[in-house]
Amino acid sequence: MPTRIEGLCIDILGLLTEAEMDAFAFQRTAGVACPPGCGSCCRDDHPEDSVLSVLPAARWALTMGMEEHIERAASEQPDGPCLFFDLHGRGHCAVYPLRPLICRLFGFAAVRDKYGLPTYRPCRRMEGSSAWASTPPIYADLAQRLEQRYPPLGSQHLPINQAVFQAAQWLSLRLPRPRPATRRGQVRAPGSGTHPREG
Ligand code: SF4
């Protein structure tokens, strides 16, 4: 039985996957693609997203004991590069299956113009046709659907390192606390030290 936080993360990931499928469909029909091995958007473009959108990635990072890395990135590099980029020195995203909405749609989505009509926004580094044969997913519409999953976190849009920090703070008040070692090399018995607000 998933806890409420697990359920929320599953729900978020369902919508993120749907958005990514739309982006793939557009990518195929429009013939646009990222340059091979490019990670410039993660490094140089100051990605921003909602605290809700980064919740699954932040949850994974906490389970990996990355609190200090998150705090350092938020305080020393609040506007990027993304704290998950190039974590292992291979130029990759460390949370690729959990990455937030902006990362799935960047370069493959439209914004609405002042008349409400979708306008495709390619990445300036992209290769491929600029003529597009199908309507790209519309970022604002998907972000709004995501926000509706949990408005207190969905309405907070921040640079990604700050969003992850806020998500980690929110989660750490609600997830079970790590079991402290009682003696060197030992942990407390299962069931002890569990935070009551989980679930
Ligand atoms: S979460 Fe991953 S894809 Fe998104 S900006 Fe960070 S490294 Fe790049």
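Preceding block: the structure.
Residues numbered from 1 in each chain as written. Predicted model: local features only at pLDDT ≥ 70, side-chain atom pairs only at ≥ 80, totals over all residues.

Novice: Sorry if this is basic, but what is going on with the site of the ligand here?
Specialist: In the region of the ligand, the neighbouring residues are C42, P47, C82, F84, F85, C93, V95, R99, C103 and I160. Broken down by class, the residue content of the shell around the ligand amounts to nine nonpolar, no polar and one charged. (Near = placed C-beta within 6 Å. Nonpolar A, V, L, I, M, F, W, Y, C, P; charged D, E, K, R; others polar.)

Novice: Where do I start with the nonpolar core in this structure?
Specialist: Within soluble globular proteins, side chains that are nonpolar generally end up buried alongside one another. Counting 46 residues, the largest nonpolar core has V54, L55, I70 and V164 as its most contacted members. The set of elements that each furnish at least two residues to this core consists of α1 (4-30), α2 (40-44), α3 (55-63), α4 (67-76), α5 (101-105), β3 (109-112), α6 (139-149) and α8 (160-172). In this view, V164 contacts V54, A57, A58, A61, I70 and L83; residues no more than four positions away in its chain are not counted. (Core = buried A, V, L, I, M, F, W, Y, C linked by C-beta atoms within 7 Å. Buried ≥ 20, exposed ≤ 12 C-beta atoms within 10 Å, placed from the backbone. Helix = DSSP H or I, 4+ residues; strand = E, 2+ residues; numbered from the N terminus. Contact = placed C-beta atoms within 7 Å.)

Novice: When you look at unusual backbone geometry in this model, what are you seeing that I'm missing?
Specialist: For residues besides glycine, phi is generally negative; the peptide bonds are generally trans as well. Following G80, the chain continues to P81 via a peptide bond in cis, the omega torsion being 5°. Checked against the element boundaries, P81 lands in the loop between α4 and α5. Backbone geometry places H46, a non-glycine residue, at a positive phi of 50°. Looking at the secondary structure, you find H46 in the loop between α2 and β2 (48-50). One non-glycine residue, D86, lies in positive phi territory at about 60°. Examined against the element boundaries, D86 turns out to sit in the loop between α4 and α5. Using a count of 16 C-beta atoms within 10 Å as the deciding quantity, one classes D86 as partly exposed.

Novice: Can you walk me through α8 in this structure?
Specialist: Owing to its 3.6 residues per turn, the α-helix brings residues three or four apart onto one side. The end-to-end C-alpha distance of α8, which contains 13 residues, comes to 18 Å, matching closely the 18 Å that a straight helix rising 1.5 Å per residue would cover. Buried residues along α8 sit against β2, α3, α4 and β6 (157-159). (Expected span 1.5 Å × (residues − 1).)

Novice: Honestly, α4 in this entry has me stumped. Any pointers?
Specialist: Here α4 has its buried residues at I70, A73 and A74. Buried residues of α4, viewed axially, fall in a sector of 95°; they line one side. Across from the buried face of α4, at angles greater than 90 degrees, the exposed residues are E68, S75 and E76. Check the buried side of α4 and you find it contacts α3 and α8. (Arc of directions from axis to C-beta.)

Novice: Help me out: how do you make sense of the pairing of strand β4 (residues 118-121) in this one?
Specialist: Successive residues of a regular strand alternate their side chains across the two faces of the sheet. Relative to β4, β3 runs antiparallel, the two sharing four bridges. The residue of β4 that forms the bridge with R112 is P118. Between the antiparallel neighbours β3 and β4 lie five residues, among them G116 with a positive phi of about 85°. (Pairing = 2+ DSSP bridges.)

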